[in-house]
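Structural characterization, general
Single-letter residue listing:
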Amino acid sequence: MMKTCFIKDQDFPVFIKNVIASENLIGPIAKQNKFVFDKLDNPEELRLDYDVTILPPKKYFFPPSQKLIEFDGEKYHDCIDPKKIILFGVHFYDIKSLDMTDYLFTEGKTDMNYMANRDAATIIGSNIQNVSERAFWGCIGREVKPKGHDGFITRLKDGSGYVYEIISHKGESLLTYGIFRDATEDEISAATRVNEEIMLECEARLPFPTDQLAERVRAEFNNEELWNELAEGCFSCGTCNTVCPTCYCFDVHDQWNLDQKSGSRNRYWDACLTSEFAKVSLGAGSSENFRSTRGERFRHRIMRKAVYLNDKLGGPACVGCGRCSTSCTADIADPARVYNKIMELEKEAEVAAQRSQNIFMPKQAMILRAHQATATERHFTLKMADGSSVHFEPGQILEVSLFGYGEIPIGYASSPTRTRTFDIVVRAVGRVSKALNKLDVGDSMFVRGPLGHGFPMEKLRSQNILIIAGGIGLCPTRSLIQYIMDRRDEFGKFTLFYGTRSPSERMFLDDLIDWHKSPDIDFFETVDTAEDSWDGNIGVITTLFEKSKLPSDTRVIICGPPVMYKFVIRELDKAGIPHDNIYVDLERRMKCGIGKCGHCQINDKYVCKDGPVFPFSEVEDLEEAL
Amino acid sequence: MGKPKVGFFDFSSCEGCQIELTNYGDADFLELLNHIEIVEFREAMSEKADHLDIACIEGSFTRESERKRLEDIRARADVVISFGACASTGGINALKNHQSDFKEYVYGKDADSPHLQSNLKALPVEAAIKVDYKVLGCPMDKYEFLNIVSSLLHGKTPYIPDYPVCVECKRRETICRFDLGDHCLGMVARAGCGAPCPADGIPCEACRGFVTNPNEDSLEKVLIDHGMPEERARTKSRMFTNTMRSDA
Ligand SMILES: Cc1cc2nc3c(=O)[nH]c(=O)nc-3n(C[C@H](O)[C@H](O)[C@H](O)COP(=O)(O)OP(=O)(O)OC[C@H]3O[C@@H](n4cnc5c(N)ncnc54)[C@H](O)[C@@H]3O)c2cc1C
Ligand code: SF4
Ligand code: SF4
Ligand code: SF4
Ligand code: SF4
Ligand code: SF4
Ligand code: FES
């Protein structure tokens with residue numbers, strides 16, 4: 001399928017009117033100061049500028065109360081009776097949630113009471129024009145893509161019209177109702193931009209990737225104190241379940257009609273937060289409740305959203321719509337707050353664990369691979385001898401040592417998503433680094449880290465990124481580059497400038513080739529001087545600025561020799577990039593790496609502890625910084 | 001088996017629940033009469049049955065002298081249903097329970113008349129006798145009553161939800177009162193009514209009483225956070241839950 005059309009703004013109401021005349025059209029409409037999905041009677045009612053609806057669209061497939069069976073004392077029959085509907089204007093997070101409930105109602109045995117309704121529906125998505133108050137769809141479950149819909153309509157910013165992406169035959173059949181023509185390349189890319197830009201408008205409320213979530217949340221399962229504290233104000237009112245697009249639990253009750261002969265078996269939305277939900281009747285009037293406290297019930301929901309279903313759904317069972325957060329009267333249901341709180345706990349626990357450690361004790365790391373990257377630089381892949389995994393942020397450092405030679409600070413050079421092994425590159429300059437450079441596969445070195453603060457991932461996620469790496473500055477930034485490439489859609493436009501003194505000093509040659517080829521990265525390279533065999537750019541790194549257009553909202557990371565900074569920042573000033581959005585990776589002589597020995601101190605800052613990465617605005621006025 | 005014999009009895013109440021049920025010949029009520037036999041009705045019938053299958057008691061227990069009558073009904077009935085808020089929770093009558101000057105306030109100089117003597121507290125019927133089922137609400141919900149009777153006719157334990165009104169309110173996609181700058185007690189009120197009040201644009205006053213384990217502290221906090229003066233927030237739920245509150 002995949003055809004993309006365009007309809008002019010002035011033709012749009014007629015299109016909707018025609019659909020209403022022949023079909024059962026459901027879309028977002030205003031209800032006092034909120035929005036709901038409801039049947040449309042005229043085009044003016046349609047509010048594609050809605051932020052979020054009170055209830056999610058699942059109500060059309062899995063209604064709040066639904067007859068399953070009717071009986072009359074002799075016969076009984078099912079009540080599957082799907083109505084053809086067109087559900088129009090569904091935001092992408094709700095499309096994702098429908099795809100999840102589709103999966104959940106069909107895994108194992110298919111529930112046709114849901115699926116028949118689903119099959120009878122045409123689902124047309126629309127771009128989000130206004131971000132609701134507590135939404136966090138911009139940062140949760142980015143790895144899960146919306147699918148299962150039949151078309152997607154995007155209103156262009158200039159108001160000229162709508163780009164309509166057709167995904168299925170059902171989606172295509174709507175073309176007959178309006179004046180559509182093929183969309184132009186420009187219109188299609190304008191639509192893509194609209195949908196990308198809104199992602200950036202949604203506040204990044206989770207400053208960590210969601211793949212860390214499941215493990216961390218599960219680790220707190222037995223932290224009774226935490227759950228009780230989180231749920232203290234809970235009314236067990238189930239609202240956080242009832243409004244959630246991915247909640248699908250139900251209860252079933254039989255009911256007689258007044259004639260006392262006929263009746264029905266009905267299902268109702270249920271809610272695991274209510275105190276009845278896990279009650280088991282044991283007969284003789286006694287019962288047991290498997291989740292008798294508010295804390296246990298609150299925990300169950302968070303586990304359902306962040307942990308239990310992730311393997312099946314490919315990500316958390318929470319799409320970040322924010323409905324639960326805004327509709328919880330006690331204002332405690334917001335999952336983003338809960339997740340952040342749990343992530344902070346981990347940090348507190350780390351602090352406690354560190355107190356019991358001797359800060360100078362390194363751990364043994366074994367060399368798995370060693371490769372002479374350039375004449376003076378050696379690239380090592382290491383593994384902790386005790387088998388423990390390594391967790392660091394791009395830009396953090398570690399102290400690497402050999403007994404009898406000394407200890408030196410080195411940056412991580414591999415992606416932090418790899419946790420069994422890590423890479424470093426050591427340039428042979430002096431006593432320690434030269435000794436390290438003589439090591440080979442099977443030898444060991446001794447390391448302690450991660451130390452300091454790396455690149456501020458929470459500020460970089462969703463943004464346009466430019467990395468400027470000079471010389472060995474590619475080592476610490478390689479970690480960030482690989483991280484971005486691993487999670488490419490969590491970032492905007494991604495550009496890399498790499499400059500070396502001469503072609504022979506270029507490192508990670510395989511990576512360089514890959515990056516030149518990849519559509520995911522705009523990669524520009526230069527060398528200061530070269531022989532004729534070099535067919536790339538020659539000139540200092542600032543010459544690369546002519547080659548690439550920089551949006552002024554770009555976040556810039558600079559890592560290289562001290563002289564480079566001044567010239568690069570001059571160029572960035574020309575491009576109008578605020579100093580808050582520039583991050584510099586500083587190198588200083590270091591000994592302790594933990595903010596004690598004073599070697600790396602610049603004014604009141606310790607490079608080892610507060611850095612090595614700093615926002616430029618924080619250090620530009622410090623004497624001795626650059 | 002003949003039709004079950006049902007009696008209706010009247011204590012301190014406004015009688016609104018019986019009106020709600022019969023509703024002057026409402027079709028549903030007439031249909032119900034095909035399945036039950038009303039043998040006593042608010043003592044309006046002169047005969048008195050020896051045995052009742054179901055006794056529906058309306059109104060709260062407010063005088064010690066009523067205990068005997070309640071015990072007599074209990075002795076004759078297989079199943080006792082407290083009918084409506086007054087009978088089930090003390091209802092609005094229980095508003096006097098935390099006051100001492102209510103008689104003077106209401107009756108002025110006649111306050112000491114002998115026929116006005118009552119217990120200090122208005123109590124639910126179950127304070128005097130065992131109650132099998134409660135039809136909640138002020139007035140009670142007719143459909144819930146029909147549902148309970150249907151269940152009993154088939155020997156099935158009736159299902160009465162024990163979750164808050166918010167569940168039913170949200171199922172209807174009603175805009176929350178709090179989102180409109182108002183207040184509401186739906187978070188602590190026991191569902192079963194279908195949340196008609198917020199849907200009609202007024203707060204839930206918890207006429208069906210509290211759920212089991214209402215979070216009273218949280219209620220007070222939420223009301224204050226939404227601008228209600230502290231003292232009022234503390235006492236707000238008294239209207240219908242005075243016998244159920246932790247300060248009862
Ligand atoms: C944040 C940070 C990240 C770094 N990342 C890397 C990397 O990924 N790869 C790499 O090869 N090098 C890196 N370096 C530089 C590396 O630490 C030095 O090259 C190394 O300390 C030189 O020590 P040496 O014993 O070999 O030399 P010597 O000159 O014999 O050492 C004398 C002492 O001076 C200090 N010293 C000398 N030069 C430096 C320097 N440039 N920075 C800090 N201290 C110095 C060391 O503490 C050393 O013990 C990094 C430095 C910092 C501060
Ligand atoms: S977390 Fe909030 S919405 Fe959920 S049950 Fe508790 S009070 Fe209700
Ligand atoms: S848990 Fe809350 S934010 Fe997540 S999908 Fe459900 S309602 Fe939306
Ligand atoms: S388990 Fe709870 S959170 Fe989940 S679908 Fe059921 S009611 Fe919703
Ligand atoms: S209006 Fe009342 S009952 Fe409805 S959701 Fe809000 S608090 Fe609950
Ligand atoms: S919504 Fe509240 S006040 Fe209204 S009938 Fe139900 S329990 Fe009573
Ligand atoms: S290296 Fe010791 S204070 Fe920074």
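Heads up: the structure comes first, above all this text.
Residues numbered from 1 in each chain as written. Chains lettered and ligands numbered in written order. Predicted model: local features only at pLDDT ≥ 70, side-chain atom pairs only at ≥ 80, totals over all residues. Heavy atoms only, no water.

1. Things to note about the interface of chain B and chain A
For an interface, size is often stated in terms of accessible area lost upon the parts coming together. Contacts between chain B and chain A engage 36 residues on the former and 38 residues on the latter. Summing both partners gives a buried area of about 3100 Å² for chain B against chain A, and 57% of it is carried by carbon and sulfur. Three residues, K170, R171 and E173 of chain B, lead the burial of chain B against chain A; their summed loss comes to 24% of the area buried on that side. At the junction of chain B with chain A, the criterion picks out 2 salt bridges. A salt bridge links D179 of chain B to K34 of chain A, with the shortest nitrogen-to-oxygen separation between them at 3.6 Å. Counting every contact that joins chain B to chain A gives 16 residue pairs in polar contact (both at pLDDT 80 or more). Listing elements by their share of the side of chain B that touches chain A, those giving two or more residues are α2 (27–33), α6 (142–153), α7 (165–171) and α9 (216–225) of chain B. Across the side of chain B that touches chain A, the residue classes tally to 18 nonpolar, 9 polar and 9 charged. (Contact = heavy atoms within 4.5 Å. Buried area = accessible area lost by both parts, 1.4 Å probe. Salt bridge = Lys/Arg side-chain N within 4 Å of Asp/Glu carboxyl O. Polar contact = N/O pair within 3.5 Å; in protein donor to acceptor, adjacent residues only side chain to side chain. Helix = DSSP H or I, 4+ residues; strand = E, 2+ residues; numbered from the N terminus. Nonpolar A, V, L, I, M, F, W, Y, C, P; charged D, E, K, R; others polar.)

2. Quick notes on the pattern of salt bridges
Oppositely charged side chains can form a pair if their charged atoms are brought close together. Applying the stated criterion across every chain, the model contains 50 salt bridges over all chains. Ionic pairing is found between E64 of chain B and R67 of chain B, a salt bridge with its closest N-O pair at 2.6 Å. With relative accessibility at 44%, the residue E64 of chain B sits in the partly exposed group. Given a relative accessible area of 27%, R67 of chain B falls into the partly exposed group. The residue E126 of chain B makes a salt bridge to K134 of chain B at a minimum N-O spacing of 2.9 Å. The exposure class of E126 of chain B is partly exposed, given its relative accessible area of 40%. Each member of the salt-bridge network shares a partner with another, and the members are R134, R205, D331, D334 and R337 of chain A. (Buried < 20%, exposed > 50% of the residue type's maximum accessible area, 1.4 Å probe, protein only.)

3. Re helix α15 (residues 474–486) of chain A
All names here are of chain A. With 13 residues, α15 extends 17 Å between its outermost C-alpha atoms, agreeing within 8% with the 18 Å of an ideal straight helix rising 1.5 Å per residue. Most of α15 sits inside the fold, with 11 of its 13 residues counted as buried. Listed in full, the buried residues belonging to α15 are L474, C475, P476, T477, R478, S479, L480, I481, Q482, Y483 and I484. (Expected span 1.5 Å × (residues − 1).)

4. Description of the nonpolar core
Residues and elements named next belong to chain A. Formed by 90 residues in total, the largest nonpolar core has its most connected members in W137, V217, W227 and Y339. If you tally residues by element for this core, the top one is helix α2 (residues 92–106), at 7 residues. Aside from chain neighbours lying at most four places away, what touches W137 is F92, Y93, I128, V131, R142, I198, M199, C202, V319, G320 and C321. (Core = buried A, V, L, I, M, F, W, Y, C linked by side-chain atoms within 4.5 Å.)

5. Thoughts on the site of ligand 1
Residues and elements named next belong to chain A. Surrounding ligand 1, one finds 21 residues, the nearest of these being P409, V425, R427, R431 and S433. Contact between ligand 1 and G411: a nitrogen atom at 3.1 Å from a main-chain N or O atom of the residue. Between R427 and ligand 1, the recorded distance is 2.5 Å, taken from a backbone N or O atom to an oxygen atom. Within the complex, the protein chains bury 83% of what would otherwise be the 820 Å² of accessible surface of ligand 1. Secondary structure elements with two or more residues in the shell around ligand 1: β18 (406–411), β19 (421–427) and α13 (431–437). It is β18 that contributes the most residues to the shell around ligand 1, 4 residues altogether. In terms of residue class, the shell around ligand 1 is built from 12 nonpolar, 3 polar and 6 charged. (Near = heavy atom within 4 Å. Areas by Shrake-Rupley, 256 points an atom, 1.4 Å probe, with all protein chains shown as cover.)

6. Some points on the packing of α2 of chain A against helix α3 (residues 112–119) of chain A
All names here are of chain A. Following both chains from N to C, one finds α2 and α3 inclined at 140 degrees, their axes separated by 9 Å at the closest point. Comparing their axes, α3 and α2 come out oblique. Between α2 and α3 lies a crossing whose hand is left-handed. The segment α2 lies against α3, with L98, T101, D102, F105 and T106 engaging Y114, M115 and R118. Here the contact of α2 with α3 is composed, by residue class, of 4 nonpolar, 2 polar and 2 charged. (Axes fitted to C-alpha atoms, helices over the stretch in contact; angles between N-to-C directions. Parallel < 35°, antiparallel > 145°, perpendicular 65-115°, else oblique. Left-handed = near helix turned anticlockwise from the far one by under 90°.)

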